[in-house]
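Observations on the three-dimensional arrangement
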Amino acid sequence: QVQLVESGGGLVQAGGSLRLSCAASGRTVSTYTMGWFRQDPGKEREFVAVITWRTGSTDYADSVKGRFTISRDDAKNTLYLHMNSLKPEDTATYYCAIRNRKWGSASRYAYDYDTWGQGTQVTVSS
């Protein structure tokens, strides 16, 4: 019954930055693994980043490592994705996702996630 709502997308020039937010409601998500994925039309959904519930350890796709940072604010029940040095190839719809299994481990696979937000569009111009 958890619901996720992404925000913060927009149009930005290459080299710029954006911060995406994912607000969760219906559940306190501090003990759940959450991740970010992205998808362009005609392409498969791509893993971006994940953060675990226990230690806050993170994992990133190679394409964004060193540029993106995933974090969460448990007091606000919100997940974030800080995106720096954006490239045109980062253009996509970005989705927040959560594993419904409590204490769930980190995963790079979309099928391990049970609830998704509606997505927020990020467009990076060259």
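Presented here is a report on the structure given in the accompanying data block. (Residues numbered from 1 in each chain as written. Predicted model: local features only at pLDDT ≥ 70, side-chain atom pairs only at ≥ 80, totals over all residues. Heavy atoms only, no water.)

**Observations regarding the environment of V64**
The residue V64 is located in the loop between β6 (58-60) and β7 (68-73) in this model. The class of V64 is buried, set by a relative accessible area of 0%. (Helix = DSSP H or I, 4+ residues; strand = E, 2+ residues; numbered from the N terminus. Buried < 20%, exposed > 50% of the residue type's maximum accessible area, 1.4 Å probe, protein only.)

**A word on the sheet that holds strand β8 (residues 78-83)**
Hydrogen bonding along the main chain pairs the strands of a sheet, whether they run parallel or antiparallel. Strand order in the open sheet made by the 4 strands is β1-β3-β8-β7, with antiparallel pairing throughout. With partners counted over all chains shown, the strands left at the sheet margins are β1 (3-7) and β7, one partner each. Each strand axis lies, on average, 15° off the axis of its neighbour in the sheet, ignoring direction. With 6 bridges joining them, strand β3 (residues 18-25) and β8 adopt antiparallel strand pairing. Following the sheet pairing, A23 is matched in β8 by T78. (Pairing = 2+ DSSP bridges. Axes fitted to C-alpha atoms, helices over the stretch in contact; angles between N-to-C directions.)

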